[in-house]
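So the chains spell out like this:
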Amino acid sequence: MKKIINWKLFFLLTAVSVVTGVMVIPFTYALAPLPDNAPMQIIIPAQIAQTLVLGALSSFFGLLLARHIGFGAPILEGITGGEKRKGYLKSILGSSVLWGILGGVLVVLLCIPFWNMSVELMKAEMAVPVWKSALAIFYGGTAEEILFRLFLMTLLVWIASKIKKAKDGGPTKIGVWLAIIITGVIFGLGHLGITGAMTAITSDVILRAVLLNGSLSVIYGWLYWKKGLESAMIAHFSTDFVLHILIPHIIAPLFI
């Protein structure tokens, strides 16, 4: 009987989602502190449980649907299947890191029209201890990619493929690009939660979140499509290193 999904990979992705979800908590509360009387003994376990459920559902349905549209995580699938994929990892590592760094540069350029707001948000992040930022960067490149690329983008591409297929039976390029763009908008809006804890939500704040994060999401979505989930993960991690470690803790203190 054929397995529904790669269960080893499912448990690996779910576990990574939970672990990195715990790792990002100190960073989150450093930027958006809770009241002193907040019941942390209830809030923290609830957050971990939520991360577990989201990670498990995203991993299961993402892996289930990805194989129907020709998407996936070739390196992790190979490793959990007993195959060696070092060659493929070497072939995507450099370009994925480069795309991630370029994504970070792009975000900095896109911050220019929102300069005053961006400086204030940067000051807030500069106040976060570097060790908390270092823990947080693992979350974006893993849990967020599992949720937004493996699950959401895969789901949208699968839906698009049900509406119209390419000649080879797979999804059309238009369908994939629509999925990438829609995912990008949702990805951008998804970052308003932490931003809203630092500043009032206005039309400019919403536009900035969608523009900055959406642009990055397009890069990660394209890499997921063309090279696999691992490429998007590597790029996302590289971007977060630039935006959450290099700039706020090394470059910005020299000027702000």
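Described in the following lines is the structure provided in the data block. (Residues numbered from 1 in each chain as written. Predicted model: local features only at pLDDT ≥ 70, side-chain atom pairs only at ≥ 80, totals over all residues. Heavy atoms only, no water.)

**Considerations on the pattern of salt bridges**
Right, so step 1: Scanning all chains against the criterion turns up three salt bridges.
Right, so step 2: Here R85 makes a salt bridge to E83, at a shortest N to O gap of 2.5 Å.
Right, so step 3: Accessibility expressed as a relative area gives 26% for R85, which makes it partly exposed.
Right, so step 4: Relative accessible area serves as the criterion here: at 44%, E83 is assigned to the partly exposed category.
Right, so step 5: A salt bridge links E145 to R149; the nearest nitrogen and oxygen atoms lie 2.7 Å apart. Taken together, the residues E145 and R149, both in helix 7 (residues 130-163) and four residues apart, mark about one turn of the helix.
Right, so step 6: Since its relative accessible area comes to 0%, E145 is described here as buried. (Salt bridge = Lys/Arg side-chain N within 4 Å of Asp/Glu carboxyl O. Buried < 20%, exposed > 50% of the residue type's maximum accessible area, 1.4 Å probe, protein only. Helix = DSSP H or I, 4+ residues; strand = E, 2+ residues; numbered from the N terminus.)

**What about the packing of helix 7 against helix 10 (residues 203-227)?**
Right, so step 1: Where helix 7 meets helix 10, the closest approach of the two axes is 11 Å, and the angle between their N-to-C directions is 65 degrees. Regarding the angle of helix 7 to helix 10, the classification is roughly perpendicular. By crossing handedness, the relation of helix 7 to helix 10 is classed as right-handed. Residues E145, R149, L150, M153 and T154 of helix 7 touch helix 10, and the partners they reach there are S217, Y220, G221, Y224 and W225.
Right, so step 2: When grouped by side-chain class, the residues that make up the contact of helix 7 with helix 10 number five nonpolar, three polar and two charged. (Axes fitted to C-alpha atoms, helices over the stretch in contact; angles between N-to-C directions. Parallel < 35°, antiparallel > 145°, perpendicular 65-115°, else oblique. Left-handed = near helix turned anticlockwise from the far one by under 90°. Contact = heavy atoms within 4.5 Å. Nonpolar A, V, L, I, M, F, W, Y, C, P; charged D, E, K, R; others polar.)

**Details of the environment of G100**
Right, so step 1: Turning to its location among the elements, G100 is positioned in helix 5 (residues 86-111).
Right, so step 2: Given a relative accessible area of 0%, G100 falls into the buried group.
Right, so step 3: When the C-alpha positions of G100 and P74 are compared, they lie 19 Å apart, and in sequence the two are 26 residues distant.
Right, so step 4: What G100 contacts, discounting residues up to four positions off in sequence, is A235, S238 and T239.

**Points about the packing of helix 5 against helix 10**
How two helices pack is summed up by the angle between their axes together with the distance between the axes.
Right, so step 1: At a minimum axis separation of 10 Å, helix 5 and helix 10 run at an interaxial angle of 165 degrees. Taken together, the axes of helix 5 and helix 10 are roughly antiparallel relative to one another. Handedness of the crossing formed by helix 5 with helix 10: right-handed. The residues of helix 10 that touch helix 5, namely those facing Y88, I92, S95, W99, G103, G104, L106, V107, L110 and C111, are R208, L211, L212, S215, L216, I219, W222, L223 and K227.

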